Amino acid sequence: MRRGPLREGAFTSKLHDPRTAVVVGRRLGTALLVCFATGLLSHLLQEPPTWLRDHLTSRPVQGYRVTQGLHVISGIAAIPLLGAKLWTVYPKLFEWPPARSVAHALERLGIAVLVAAMLLELFTGLLNTVQWYPWPFPFRQTHFWLGWLATGGLLLHLAAKAPLVAAHWRRTGPALAQRRAFLAGVTASVAVVTLTTAGQTVPWLRALTLFAPRRPDIGPQGLPVNRTAAQAGTTTAPADWSLRVDGPRPYELTMSRLLAMPQYEADLPIACVEGWSASARWAGVRVRDLLDLAGAPEDARLRVTSLEADGPYRVTDMPAAYARDPLTLLALRVNGEVLDPDHGYPARIIAPDRPGVLQTKWVARMEIL
Ligand SMILES: Nc1nc2c(c(=O)[nH]1)N[C@H]1C(S)=C(S)[C@@H](COP(=O)(O)O)O[C@H]1N2
Ligand SMILES: [Mo]
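Conventions adopted
- Residues numbered from 1 in each chain as written.
- Chains lettered and ligands numbered in written order.
- Predicted model: local features only at pLDDT ≥ 70, side-chain atom pairs only at ≥ 80, totals over all residues.
- Heavy atoms only, no water.
- Helix = DSSP H or I, 4+ residues; strand = E, 2+ residues; numbered from the N terminus.
- Buried < 20%, exposed > 50% of the residue type's maximum accessible area, 1.4 Å probe, protein only.
- Lys, Arg positive; Asp, Glu negative; His and termini not counted.
- Charge placed at Lys NZ, Arg CZ, Asp CG, Glu CD.
- Domains from an automatic or database assignment.
- Buried area = accessible area lost by both parts, 1.4 Å probe.
- Salt bridge = Lys/Arg side-chain N within 4 Å of Asp/Glu carboxyl O.
- Polar contact = N/O pair within 3.5 Å; in protein donor to acceptor, adjacent residues only side chain to side chain.
- Nonpolar A, V, L, I, M, F, W, Y, C, P; charged D, E, K, R; others polar.
- Expected span 1.5 Å × (residues − 1).
- Contact = heavy atoms within 4.5 Å.
- Phe/Tyr/Trp six-rings, centres within 6.5 Å; stacked < 30°, edge-to-face > 60°.
- Lys NZ or Arg CZ within 6 Å of the ring centre and 35° of its normal.

1. Quick word on the overall build of the protein chain
And then number 1: Across its full length, the protein chain carries 10 helices and 10 strands.
And then number 2: Along the longest, intermediate and shortest principal axes, the C-alpha atoms of the protein chain span 80 × 45 × 35 Å.
And then number 3: Per-residue burial over the protein chain gives 46% buried out of 369 residues.
And then number 4: Distance from the positive charge centre (39 side chains) to the negative charge centre (27 side chains) of the protein chain: 13 Å.

Now the structure itself:
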């Protein structure tokens, strides 16, 4: 049986050792921790559970841009780190005997689940940044539950390996030139993938944006587009478009009536869950003025419906903290021009510190809840 990789001494590199595994593991663990925490936050913001809904705040204005930027940056950085970590430990796959005890078998099974969940999690996340979904299951729910599975598996793995991790946290043997070179290579890989993709949300890295799926300054009116008006079937908004607001005092406003209301400006980013962000100067009517006109109570939530016939973001709910924020607009203009159809003409929602998916375009109706 003990042939090929199963032979005694089949792996000769000195770097398949616990010290290298611990050093790479520390970096990978840090990236995964940041990725998990920011991902969790993103899920909570996108679909706030009832207990959280009324405690969310609309500040800092760039909050979601920063956390979601970090989510995608740490996720991308984790890919070469996971590669390095798996290379360091892969000889263990051929351990002999395959299981020494029930505990050992269970630990190996746990690692199999951990590695599978982690690979699938990073793979689905990476493909989401390019909006490619070559699988039959829903991305968001799958990514969410795989995240828990991978993080749970990671904690169990750390618990099982705690003595080994502790023993190799500091270097015990002599410095190894090979290890230093390997770790420098890992650092360089992480730096390259990070620096060439982070520009999709970090403005001062824009010049290095070689591999990011989006350049945040390319698109109509200098802003990228995820779902175009053509894809949403809203290229030609009805000529008699008017905004309908339902509440204690329901009303309808035509475009000219909307334009006759006090207009405000706000510099706010679209911060897409896929990791790109772009700021723009929006102008339009304050949502809170529209709420007051409809006699909405201070703590009322808002439901916004798009002209779009269907699509996952046709209807969105907005907790009171966002609806009452003076920066939250029903935007009619962007960067000094009437909205391009791809950016939501005739009107769109723009609010501070919110995921891009909730910045509803082609608004038809608002409903006070
Ligand atoms: N009605 C509607 N609004 C929508 C969407 C959509 O598909 N339908 N996409 C959202 C997503 S995912 C993002 S990131 C932003 C992008 O806005 P932009 O195309 O103006 O940059 O719009 C949001 N608003
Ligand atoms: Mo998005």
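2. Remarks on the domain arrangement of the protein chain
And then number 1: What the domain assignment lists for the protein chain is domain 1 (18–208) and domain 2 (221–368).
And then number 2: Put simply, the middle of domain 1 and the middle of domain 2, counted by C-alpha atoms, are 36 Å apart.
And then number 3: Of the roughly 2100 Å² buried between domain 1 and domain 2 on both sides combined, carbon and sulfur atoms contribute 50%.
And then number 4: Along the contact surface separating domain 1 from domain 2 lie 1 salt bridge.
And then number 5: Of the charged contacts, one joins Asp325 and Arg59 as a salt bridge, the two residues approaching to 2.7 Å between their closest N and O atoms.
And then number 6: Taken together, domain 1 and domain 2 are joined by 9 residue pairs in polar contact (both at pLDDT 80 or more).
And then number 7: Considering each element in turn, the side of domain 1 that touches domain 2 owes the most residues, 5 residues, to helix H3 (residues 63–89).
And then number 8: Here the side of domain 1 that touches domain 2 is built from residues that sort into 7 nonpolar, 12 polar and 5 charged.

3. Side note on helix H4 (residues 102–129)
And then number 1: With 28 residues, H4 should reach 40 Å at 1.5 Å per residue; the first-to-last C-alpha distance of 41 Å fits that figure.
And then number 2: Burial in H4 covers these residues: His104, Leu114, Ala117, Met118, Glu121, Leu122, Thr124, Gly125, Leu127, Asn128 and Thr129.
And then number 3: Taken together, the buried residues of H4 touch helix H1 (18–46), H3 and helix H5 (139–168).
And then number 4: Once H4 finishes, Gln131 follows within two positions and takes phi at roughly 55 degrees, a positive value.

4. Describing the packing of aromatic side chains
And then number 1: Under the defined criterion, the tally for this structure stands at 10 aromatic pairs.
And then number 2: Aromatic pair Trp135 and Phe137: ring centres 5.5 Å apart, planes at 0 degrees, arrangement stacked.
And then number 3: By relative accessible area, which is 13% here, Trp135 ends up buried.
And then number 4: Residue class for Phe137 comes out partly exposed when judged on its relative accessible area of 32%.
And then number 5: Consider the rings of Phe144 and Trp145, whose centres lie 4.9 Å apart with planes at 80 degrees: the pair is edge-to-face.
And then number 6: For Phe144, a relative accessible area of 23% gives the class partly exposed.
And then number 7: A relative accessible area of 57% means that Trp145 is categorised as exposed.
And then number 8: Above the ring of Trp169, the side-chain terminus of Arg26 is found at 4.6 Å from the ring centroid.
And then number 9: The aromatic ring of Tyr322 is capped on one face by Arg354, whose charged end is 4.6 Å from the ring centroid.

5. So, the side chain of Glu308
And then number 1: Turning to its location among the elements, Glu308 is positioned in the loop between strand S5 (302–306) and strand S6 (315–318).
And then number 2: Residue Glu308 is classed as buried on the basis of its relative accessible area, which comes to 4%.
And then number 3: A polar contact of 2.6 Å, which involves the side chain of Glu308, links it to the side chain of Arg227.
And then number 4: Excluding residues that lie within four positions of it along the chain, Glu308 makes contacts with Arg227, Ala232, Thr234, Tyr313, Arg314 and Trp362.

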